[in-house]
Amino acid sequence: MLRKAVRYRLETTPEQEHLLARAAGCVRFVWNRALAIQKSYLEHGCGILSYVDMANCLTTWRNGESFGFLSESPVHPQQWALKYLDRALQEAFDKSNPKRFPAFKKKGLHDSIRYPGYPDPEQIKIDLKPQDADGRRLLPKIFLPRIGWVKFRKSCTIGREIRNVTVSRSGGHWTVAIQIEKEVLDPVHPSTTAVGGDRGVANLLTLSDGTLFLPVTAYRDLQKRLTREQRKLAHKVKFSANWKKQKAKITRFHQRIAEIRKNVLHQVSTAISKNHAVVVLENLKVRNMTGAARGTVEQPGPNIRQKAGLNKSILDQGWGMLKAMLEYKLRWSGGMLLLVDPAYTSQSCPVCGVVDAGNRPSQEVFHCLHCGHEAHTDLNAARNILARGLQSTAGRAGVACFAA
Ligand SMILES: [Zn+2]
């Protein structure tokens, strides 16, 4: 069973935008109120309330006077917020692998409404080929409870089984993400090639076949303007009308940056997963790398400035996101993503096999001290990564036939 999410931009009317913003506000209210209750239970050493208890609270709120406004927005996304909070709390208390304690949601950030698990077809309907009275084609539309029919721009096909639907606001407009599920029996990838990819600083990704993907510079370019806007914010009276206006401007900046980055990563991952059946990447723990430099800013070491720059590039380029995108896109088309040990991939010679730190005289050049082989460092590393990936799968059925 494979899952895939498709995202479309909604063509909302001002009235619908108002309803969506209100529905998202209600979801945020339910989350924050439930979290406050759970926190006070914890502070009094009483453990936490179960999802069922919280769902009963929600019913009381919706039927009561003080929070009756909640009943004017759809109930399922509000229940989903409680379920999601319940899971987040359990994960935070999971001793073997504790996750971060859930936080209060701020207005305007990550506004979203989720219609969970196999929505009732009576509740959520999708009309892909609507026509007007004269038989002309209209934009496809989706029916959302309490919001109504909303048109959207469709760029690829939707399957039959809708798993869940999320409507969210990003960069000033609303989009709908529809997660679909379909049975796929061993899809066969149209390509038979394997490729290694080195995630560098100068380039987003260098492939072992020589293809280069340039870095996402949008963040850096916008960062300068963002810093300027943030400075302006600091000079305004907190919570004044001007301050709020400036704050909203900054939020839009952040959303634009995130959106540009995501679009670029989608383009890159789609191109690679179409052209190659097997993609090999290094198993880098990006979160650890970025965490380490932040922790040492208080006590700066000799390379801290340089390290901070490197980490910024890593975050700029969203490597974790790229990996996740490649993973599901390859799986969807019958290919696979392999992750290999990153040790010494930039210092190994692919010709004679010798590993030596001296093999890399500069950031750009690889020069083997033993056999004289010379290449661009990133390309060289990509070839080593590919070789490592193919080696790790040698003898495994179905993989041996892929050529470099
Ligand atoms: Zn060599």
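Residues numbered from 1 in each chain as written. Predicted model: local features only at pLDDT ≥ 70, side-chain atom pairs only at ≥ 80, totals over all residues. Heavy atoms only, no water.

If you check an unreviewed UniProt entry, the protein chain appears there as Putative transposase InsQ for insertion sequence element IS609 from Acidithiobacillus thiooxidans ATCC 19377.

A. Spotlight on the overall build of the protein chain. When you go through the protein chain residue by residue, the secondary structure sums to 9 helices and 14 strands. In the protein chain, buried positions account for 39% of the 404 residues. Here the contacts in the protein chain between residues at least 6 apart in sequence split such that 65% fall between residues at least 24 apart. (Helix = DSSP H or I, 4+ residues; strand = E, 2+ residues; numbered from the N terminus. Buried < 20%, exposed > 50% of the residue type's maximum accessible area, 1.4 Å probe, protein only. Contact = heavy atoms within 4.5 Å.)

B. Quick peek at the side chain of Asp 378. With respect to the helices and strands, the residue Asp 378 is situated in helix H9 (residues 377-393). For Asp 378, a relative accessible area of 10% translates into the label buried. Here Asp 378 is in contact with Asp 198, Asn 203 and Thr 206, once residues within four sequence places are set aside.

C. Looking closely at the sheet that holds strand S10 (residues 212-213). Taking strand neighbours across the sheet as the criterion, the 5 strands line up as S10-S9-S8-S11-S12 in an open arrangement whose pairing is mixed. The open sheet terminates on both sides in strands that have one partner only, identified here as S10 and strand S12 (336-340). Where strand S8 (residues 194-198) lies against strand S11 (residues 278-282), 3 bridges are found, and the strand directions are parallel. Residue pairing for S11: Val 195 is matched across the bridge by Val 279. The strands touched by H9 within the sheet are S8, strand S9 (205-207), S11 and S12, with S8 carrying the most contacts at an inclination of about 130°. (Pairing = 2+ DSSP bridges. Axes fitted to C-alpha atoms, helices over the stretch in contact; angles between N-to-C directions.)

D. Summary view of the coordination of the zinc ion. Distances from the zinc ion to its protein donors, Cys 349 (SG), Cys 352 (SG), Cys 368 (SG) and Cys 371 (SG), fall within 2.2 to 2.4 Å. Considering all 4 donor atoms around the zinc ion, the spread of angles at the metal, 106 to 113°, places the coordination shape in the tetrahedral class. Written as a sequence motif, the donor residues of the zinc ion are C-x2-C-x15-C-x2-C. With a gap of 19 residues between them, Cys 349 in the loop between S12 and strand S13 (365-367) and Cys 368 in the loop between S13 and strand S14 (374-376) connect regions that are remote in the sequence. An identical accessibility class is assigned to Cys 349 and Cys 368; each is buried. (Donors = N, O, S within 2.8 Å, 3.2 Å for Na, K, Ca; no water. Tetrahedral: all angles 85-135°; square planar, octahedral: opposite > 155°, others 65-115°.)

E. The packing of aromatic side chains, seen in detail. Overall, the coordinates contain 9 aromatic pairs when judged by the stated rule. Summarising the aromatic geometry, the rings of Trp 31 and Tyr 84 are spaced 6.2 Å apart at their centres and angled 40° between planes, so their arrangement reads as tilted. In this pair, Trp 31 sits in helix H1 (residues 14-43) while Tyr 84 sits in helix H3 (residues 75-92), placing the two residues 53 residues apart along the sequence. Among the residues examined, Trp 31 registers a relative accessible area of 4% and is labelled buried. (Phe/Tyr/Trp six-rings, centres within 6.5 Å; stacked < 30°, edge-to-face > 60°.)

F. Here's a closer look at the pattern of salt bridges. Following the criterion strictly, the structure yields 10 salt bridges and no others. With a shortest N-O distance of 2.5 Å, Arg 169 and Asp 111 are connected by a salt bridge. Taken together, the residues Arg 169 in strand S6 (residues 161-170) and Asp 111 in the loop between H3 and strand S2 (112-115) connect sequence positions 58 residues apart. Using a relative accessible area of 5% as the deciding quantity, one classes Asp 111 as buried. Linking Lys 249 and Glu 229 is a salt bridge whose minimum nitrogen-to-oxygen distance equals 3.5 Å. Highlighted residues: Lys 249 in helix H5 (residues 241-275) and Glu 229 in helix H4 (residues 218-234), separated in sequence by 20 residues. (Salt bridge = Lys/Arg side-chain N within 4 Å of Asp/Glu carboxyl O.)

G. A positive patch on the surface, seen in detail. On the surface, Arg 225, Arg 228, Arg 231 and Arg 256 cluster together into a positively charged patch. The biggest single contributor to the positive patch is H4, with 3 residues. Relative to the helices and strands, Arg 225 is located in helix H4. In this structure Arg 225 comes out as partly exposed when scored by relative accessible area, which is 38%. (Patch = residues over 30% accessible without salt bridge, like charges linked within 9 Å, V, L, I, M, F, W, Y side chains within 5 Å. Areas by Shrake-Rupley, 256 points an atom, 1.4 Å probe, with all protein chains shown as cover. Lys, Arg positive; Asp, Glu negative; His and termini not counted. Charge placed at Lys NZ, Arg CZ, Asp CG, Glu CD.)

H. Quick look at the confidence of the model for the protein chain. Per-residue confidence for the protein chain averages 81 on the pLDDT scale, and 82% of its residues sit at or above 70. In this model residues 288-307 is a low-confidence stretch, pLDDT under 50, and it forms 10 contacts with partners more than four residues away in sequence or in other chains. Segment residues 397-404 is flagged for pLDDT under 50; beyond a separation of four residues in sequence, or across chains, it makes 16 contacts in the model. (pLDDT = per-residue confidence, 0-100.)

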